[in-house]
Each structure stands twice: as structure tokens, then as C-alpha cells.
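# Report on the structure
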Amino acid sequence: MDIKLPIALNTIDERLLYVADRLPAGAVLVCPFCRYPVKKNAGNIRRHHFVHMPGATCSVSYETLLHEGAKVYLHRCLERGEPVDIFIDTITLRPSKTRRLLESLGVRRFSTSSKSVFKNDGATHLLERVIAGKVKPDVVSYGEYVAGGERDIFAWEIFVTHEVEEEKAELLRINRVPYIELSPIEEGPNSYIYTMKSHDGISFIDDDAIFDETVYRDNKADLLATFEKEMTQEVLKPKLEDARKSWEAAADKSTEQELERRIVLKVGEITIKDAMAMAQAVSASPVVIFPVTNIPTGSGLIDDRWVKVETVGCEKYNGKYLVKLNERLYFSSGLGMLRGIYDELAKMGVLKGVTAKEEGRDKIIFVGVKLALPLVERRGIVECSSILYKYTDHPTEEVIMWETRNKKSKTSGKYYMLVNDDIFVDSYEWQLKNILYNLLRFTTIEAHLGLNADKKYRVDALKISGLVQVEKVKDTLLAAMTRPSVVP
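The structure contained in this document is the topic of the report that follows. (Residues numbered from 1 in each chain as written. Predicted model: local features only at pLDDT ≥ 70, side-chain atom pairs only at ≥ 80, totals over all residues. Heavy atoms only, no water.)

### Points about the packing of helix α10 (residues 334-348) against helix α11 (residues 428-442)
Describing two packed helices takes the angle between their axes plus the distance from one axis to the other. Relative orientation of the contacting elements α10 and α11 amounts to 50°, with a least axis distance of 9 Å. Accordingly, the angle class assigned to the pair α10 and α11 is oblique. As α10 runs across α11, the sense of the crossing is left-handed. Contacts from Gly334, Leu335, Met337, Leu338, Ile341, Tyr342 and Leu345 in α10 reach Tyr428, Gln431, Leu432, Ile435, Leu436 and Leu439 in α11. (Axes fitted to C-alpha atoms, helices over the stretch in contact; angles between N-to-C directions. Helix = DSSP H or I, 4+ residues; strand = E, 2+ residues; numbered from the N terminus. Parallel < 35°, antiparallel > 145°, perpendicular 65-115°, else oblique. Left-handed = near helix turned anticlockwise from the far one by under 90°. Contact = heavy atoms within 4.5 Å.)

Right under this line is the structure:
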């Protein structure tokens, strides 16, 4: 049994422990769902977890593990006074001047801190405490006592498959208990990030003045950069037009060679038609990626066999790690798909390889990539690393990727992957999982299901939406810049 538990129960004091907690001396750990003994695994590659001892028959679902792990992690952070990032989609806000401002700046998503949601440094935080007679939120926060013996109460709910029931929400409203509902996803070796699903009675969201101050404080750098970019466009447009007119008036004094050089350099020469072509290149159609393999994987792409990718994971099966999507979909060729992704993103100029010395040896190996993703929605570049966890603290070096290929081992008969001049790609399954996880954070991914030789559905193509195809933009711009001008 290979169920990865984010939490365990210490039978000494019946207290739930999160996987990142330091284990108390003499702790006796069991699974909180079946009470079978467990142990802690905290390696350098996989996400930290508790695992059942041999002989367990626990059948807890992934959704339950995600809900309970995110709940205990949130409670742990609140108890320790550690802020938790909460992402909020602008479109979920009620109509207000703040929402209009964010939308006008193109801010579709922003973050705030759990300390902005419930401001009480001296609060007590409890798991699943009954309030308002019969309501049991996932986490309850009690503020310090004030005059009159009253305390502020705040409820935290974790959303995975079931949203807050209407009856529960109504009882919280009647008893004037504000709450927030959070949707979690796993982040890093032992943490979570949360997105607001719903809320009620939270002053920092409902009060424009408080909300403006909070949003500005928590997102100051991003908002200022966005505002500066928007203002630069508005101020520079007329100046660029004036410069273009002045340049055209003096163009007849230049030689043909000088004229061509200036055309390449001058932005003002771009026409409306050129601008439309560039806009189409920026918001280009999705990038479709196929596995690089000589093994036939299907008879072509079928429109109704595309499914949206929600989650990506890696599990061990028959002694081999397999990457799976949405908890049930496997690749026709994981090695081929990693090659396809690396080849396509390297060709687009958004990916660089990362090498390091193999642990315990002097051999250079390929341990991951660094991404600079040009995002259509954000109108900017997001940089992130997709490196094997055990090498994150090692000295690394970036390399330009120009070739990937497969090679069959003479001893095991298994295929492995090489990059450039025979640089060995370490743990290609985990590299595939890591890069898909990073792409899923910032883009939309769809998987195409094709039938393999055993008539089983396997993922034989990926469609990535939301990336600016930079090379197309360059080609369009260069075509506009090098077209001969008509000089009066």
C-alpha cells in the first residue's frame, strides 16, 4: 500500500501531527483514518508524507487526504502565527471601485495574507470546534476577550469536492460568524497554497477602504509595475508618433541602405495591419505537443477526446515510477512526452537546461530546467525553476538545449534520456511531473486520449494554452520592420 498521508495521529495525546512537524519524543503514530501504525518519509525527491507499515488495508481517498492535510496545515500555520498566502480571483469580487480598478489594470488574480483575513495576533485556533449550537467548521479562530466578555469568532472552511452547505452558511450568518472557504493545492515538499472559493462577513473584502489598503499592501510591487507599464504606453504613444513623422520627413536625405537600417530600428513604422498580425501572434493558438517516439501511439487527434488537466502526480507501479494526470490518466510514453515538451519549449526560447554534479560522483547530469514563460493573460514573463528536489541546494549551471534523444541500456534493456553531448537525464519521470506542475500553475493544459495497442486510453498529446509564441512575434515584427517604406 502506497497511500501518502500528510497527517498522522499521535496516540499518546490523540493530537494530529502534520508531516512537517517535529515528532515529539516517544510519539506513537497511527493513521487517523484506520488507526494502523505509520512512519514518516521525508526524502529529497518526493513530497514528504507518512506511510502505513506493511499489512495495512486503508482505502482513504485522495480527496480526503487533500482536505485533511490542507486543514491541518492551515491550523498549524495559524497557531504558529505564520502567514498563509490566499489567492483571490478578481472576477469573484462583488462589483466595486476596487474591482473596476483591478480589471482596468488587467489584474485578474492577486494574493493576500491570512493575517489580513482575520486580524488578531492573540487568537486561539482550534480544529473542528462546534460553534453556534451545531456548526463545526474545519478551523475556528477565537480572538482575545474584549470589554463585556465577548470574543471575535472566525471560521475557516476547506473546499475540495463539496462546498459549504447552505444550511451551514446560513447558521454562520445568523450568528454573525464571518467565514472564508479555501480551495487548496499541494505546493513544494510539505505545504499548500489556497484560492478563495467563497466568503461572508469579511470586513477587509466588503469594506472598500480597508480592501484598497490591504490589496495595495500585499501586492504593492506588482500593482506599481502594472500601473507604470500602462502609463508608459499612454504617455509614449503620442511621442512615438511625433518621432515617426519627423523621421519620415527626413527619410529622403538618407541612402537606401541607411533607410533600411532605420526601418529595422523604428517602432513608429508599424501599420495597423502589422499591429493586428502581432496581436494574433501574441494570442496565438495553443501549442500542441506530441511524444518524441518511434512507437505509434494513435490514429490522430479526435476533438472529443481532449480533457482538461487538473492535477499531476507521480506514483510507483511494479518497480517503476509513472506520471499520471487527474489521478487516473497515464502517458503512452512518459519519456517521449518529456522529450517533446523540452524540445518544443527550447525551440520557443522559454526553457534552459540545468546541470549539476551527480551526488557522490564527479559526473555532470541533467537535473531539470528553468522557465521564462511569456504569458498572454499576465502580459509579462513569469520565471520559475523545475529542478529535482534533491539538487535544489546544489551548485548548478544553466545550459542551452539543442538536442534530446533516447538510448537503450545494454544491461537492463530500459530506455533512458540524454541531452546535448550525452548528458544523462536523471529521474526523467519526476522531471516530467515537475515541469507539468509548473506549467499547470500558469497555463491551461489539456490531454488527448488515444487508444494504445491494448485498446486502453493513454495520453498521446498535450495542448498548452496561454503562452505567447515569441518566435512568431519576432518574425511578424521583423517582416514589418524590413518592408521598404514609401518615401514621398
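### Points about the sheet that holds strand β23 (residues 415-419)
Whenever strands of a sheet pair, they do so through backbone hydrogen bonds, lying parallel or antiparallel. If you trace the 3 strands from one edge of the open sheet to the other, you get β22-β23-β24, paired in antiparallel fashion. Unpaired on one side and paired on the other, β22 (404-408) and β24 (423-424) mark the two borders of the sheet. When β23 meets β24, the two strands line up antiparallel, connected through 2 bridges. Counted as the bridge partner of Val419 is Ile423 from β24. (Pairing = 2+ DSSP bridges.)

### Here's the deal with the pairing of strand β7 (residues 109-113)
The element β7 is largely enclosed, with a buried count of 4 among its 5 residues. When strand β6 (residues 85-89) meets β7, the two strands line up antiparallel, connected through 5 bridges. Paired with Asp89 across the bridge in β7 is Arg109. (Buried < 20%, exposed > 50% of the residue type's maximum accessible area, 1.4 Å probe, protein only.)

### Here we look at the packing of aromatic side chains
Per the stated rule, a full pass over the model turns up 8 aromatic pairs. Here the aromatic rings of Tyr18 and Tyr73 are separated by 5.3 Å at their centres, their planes lie at 50°, and the arrangement is tilted. Separated by 55 residues along the polypeptide, Tyr18 in strand β2 (residues 15-18) and Tyr73 in helix α1 (residues 62-80) bring together distant segments of the chain. With centroids separated by 5.5 Å and ring planes inclined at 35°, the aromatic side chains of Phe118 and Phe154 adopt a geometry described as tilted. (Phe/Tyr/Trp six-rings, centres within 6.5 Å; stacked < 30°, edge-to-face > 60°.)

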